[in-house]
Amino acid sequence: YSDSTLLTLMHDAEEKFKDLGWVEEKLTKGFKRLKKEVPTLFVPHFYAQIAALNQSVVVGDSILGFSIDKYMGADYPLYKRFYYDYQCRSMEPDRIVPDCFTFYLLGQYPFLWQEGHRSLMDILLYRGKIAWTVETILEGNGSGKTALGYSKEEIKWCEQHEKELWEEIRQNHYMETTDPKIIRSYVSSNTRLLFNGEKTPPFLGIWLGMKVIERYMKNHPEMTLKSLLECTDYSGMIKELN
């Protein structure tokens, strides 16, 4: 409490988030939809916290905390001292609810690091499954606007280049790679990944994974959201859609 920077941050965060009713309303609506699809899931107790620019969301056995000091807006002056621009874009207030659901579901359905099931393909479809679920329960579509924070321009860019992006992955034999550097380049928020000389949107691989999940679910209208979240046969999904 003697750190002047932290005191300023605490004051600014408490002023900005005096009313969190809108967060509670969106969380409530989202969990009503999620519980309808997966009745066995528990609803955690939520709390707002100040984490001194530490973790944005913390998930426990029965609680979930979100750090209001990490959602002050991309143009918050203090962020410029500690973060890159691509990191700041995920620190807008409207990222609170999608982030809460994303980290909650990642905790409830963790990735199984099993031998032979840890390739780029496995990870993209796993992360795509989580993102598609978040988008579905909050917005009812799989565009990437809510779960990934995409702009209309970024969604349009991805849709225009989707086939080319998949072709590049196939030509470079990335589908089966377990190289952490390659995997990180596809799931990272860092937009330094280039395609045909153009800077790509963040989380590009997760968006691609969302599209696979979206098409798979359209082909299987009988499949419930619960079954999807429990499914880990990612290679089977890809083979079916090829």
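What counts and how
- Residues numbered from 1 in each chain as written.
- Predicted model: local features only at pLDDT ≥ 70, side-chain atom pairs only at ≥ 80, totals over all residues.
- Heavy atoms only, no water.
- Helix = DSSP H or I, 4+ residues; strand = E, 2+ residues; numbered from the N terminus.
- Contact = heavy atoms within 4.5 Å.
- Core = buried A, V, L, I, M, F, W, Y, C linked by side-chain atoms within 4.5 Å.
- Buried < 20%, exposed > 50% of the residue type's maximum accessible area, 1.4 Å probe, protein only.
- Pairing = 2+ DSSP bridges.
- Axes fitted to C-alpha atoms, helices over the stretch in contact; angles between N-to-C directions.

(A) Spatial organisation of the environment of Ala131. Assignment of secondary structure puts Ala131 in helix H6 (residues 120-138). Placed 11 residues apart in sequence, Ala131 and Gly142 show a C-alpha to C-alpha distance of 8.3 Å. In this view, Ala131 contacts Ala147, Leu148, Ile206 and Met210; residues no more than four positions away in its chain are not counted.

(B) Just the nonpolar core, in detail. Core analysis: the biggest nonpolar cluster contains 76 residues, and Leu34, Tyr79, Phe101, Leu105, Leu148 and Met237 have the highest contact counts within it. The element best represented in this core is H6, accounting for 12 residues. When residues no more than four places from it in sequence are discounted, the contact partners of Leu105 are Leu34, Ile130, Thr133, Val134 and Leu229.

(C) Seen up close, the sheet that holds strand E2 (residues 57-59). Across the sheet, 3 strands lie side by side as E1-E3-E2; this open sheet has mixed pairing. On the outer flanks of this sheet lie strand E1 (45-49) and E2, each paired with one strand and no other. Recorded for the sheet is a direction-independent mean angle of 15 degrees between the axes of neighbouring strands. In the sheet, E2 pairs with strand E3 (residues 63-67) via 3 bridges, with the strands oriented antiparallel. By the bridge assignment, Val58 is partnered in E3 with Gly65. Helix H5 (residues 96-108) contacts E1, E2 and E3 of the sheet and is inclined by roughly 35 degrees relative to E2.

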